[in-house]
Amino acid sequence: MNIPESAQQQWQTAGLSWANAVPEPESADYCAHTLTLDERPAAFRVAKTTATKLGQFVTLWLRSAEGCLFAPITWTTA
């Protein structure tokens, strides 16, 4: 899945250039990509709409050095 046109249009409107988008297969359900946004590393995800709550949400996680464990980002780790 490619990065949605709506995201690309928002970046263009904001004057941001993007390149080197690489899909992340393990998070394909979220259209996950790593990319560069104005020559800075970035991660892209599409928020999911839940069936039980109004709106959308995004959660950020840290991956351990081993690459297999995840932990939520907190204010102290951000």
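This text gives an overview of the structure that appears in the document. (Residues numbered from 1 in each chain as written. Predicted model: local features only at pLDDT ≥ 70, side-chain atom pairs only at ≥ 80, totals over all residues. Heavy atoms only, no water.)

## Thoughts on the pairing of strand β2 (residues 33-37)
Here strand β1 (residues 18-23) pairs with β2 via four bridges, running antiparallel. Pairing of A19 across the sheet is with T36, part of β2. The sheet contact formed by β2 and strand β3 (residues 40-44) spans five bridges and is antiparallel. Note on β3: the bridge partner recorded for T34 is A43. (Pairing = 2+ DSSP bridges. Helix = DSSP H or I, 4+ residues; strand = E, 2+ residues; numbered from the N terminus.)

## A look at the sheet that holds β3
Ordered by their spatial adjacency, three strands build an open sheet running β1-β2-β3, and the pairing between neighbours is antiparallel. Edge positions in the open sheet fall to β1 and β3, since each of these has one partner strand only. Within this sheet the neighbouring strands show an average axis-to-axis angle of 25 degrees, counted without direction. (Axes fitted to C-alpha atoms, helices over the stretch in contact; angles between N-to-C directions.)

## Structural notes on unusual backbone geometry
What is expected of a backbone is that most residues other than glycine have negative phi and most peptide bonds are trans. Backbone geometry places D38, a non-glycine residue, at a positive phi of 50 degrees. Inspection of the secondary structure puts D38 in the loop between β2 and β3. With phi around 65 degrees, E39 is a residue other than glycine that occupies positive phi space. With respect to the element layout, E39 can be found in the loop between β2 and β3.

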